[in-house]
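Okay, here's what each chain looks like letter by letter:
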Amino acid sequence: MYIQRGKKYIYSVIQANEFIQRGYRCIETGFNAKSQKYYWVFDYEEVQEYYKTSERYK
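Keep in mind the model is a prediction, meaning the values are calculated, not measured.

Asker: Got a minute to help me understand the sheet that holds strand S3 (residues 37-43) in this structure?
Answerer: Pairing between the strands of a sheet is mediated by backbone hydrogen bonds and can be parallel or antiparallel. Read across the sheet, three strands follow the order S1-S3-S2 without closing on themselves; strand pairing throughout is antiparallel. A single partner strand is all that each edge strand has here, and the edge strands are strand S1 (7-10) and strand S2 (26-32). Strand-to-strand, the axes of this sheet are offset by a mean angle of 25°, without reference to chain direction. Summarising the sheet, S2 and S3 pair through six bridges and their orientation is antiparallel. Of the residues in S3, the one forming a bridge with Phe31 is Tyr38. This element, helix H1 (residues 13-21), spans S1 and S3 of the sheet and lies at about 30° to S3. The strands touched by helix H2 (residues 44-53) are S1 and S3; relative to S3, the strand with the most contacts, the crossing angle is about 95°.

Reading the values: rules and limits
- Residues numbered from 1 in each chain as written.
- Predicted model: local features only at pLDDT ≥ 70, side-chain atom pairs only at ≥ 80, totals over all residues.
- Heavy atoms only, no water.
- Pairing = 2+ DSSP bridges.
- Helix = DSSP H or I, 4+ residues; strand = E, 2+ residues; numbered from the N terminus.
- Axes fitted to C-alpha atoms, helices over the stretch in contact; angles between N-to-C directions.
- Contact = heavy atoms within 4.5 Å.

Below, the structure is given as structure tokens:
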């Protein structure tokens, strides 16, 4: 069974690259057939620090 809980799905290449450059570990990647977009998955708890410190989200 596939579990989505605890994961942060990112569909933006720019934001996924920013997460990776800041040292967050991408735990999986994939392609959404319905929306025809690629996505990157990060640990939800790990990336919460980004949202607390990023100027974009203040």
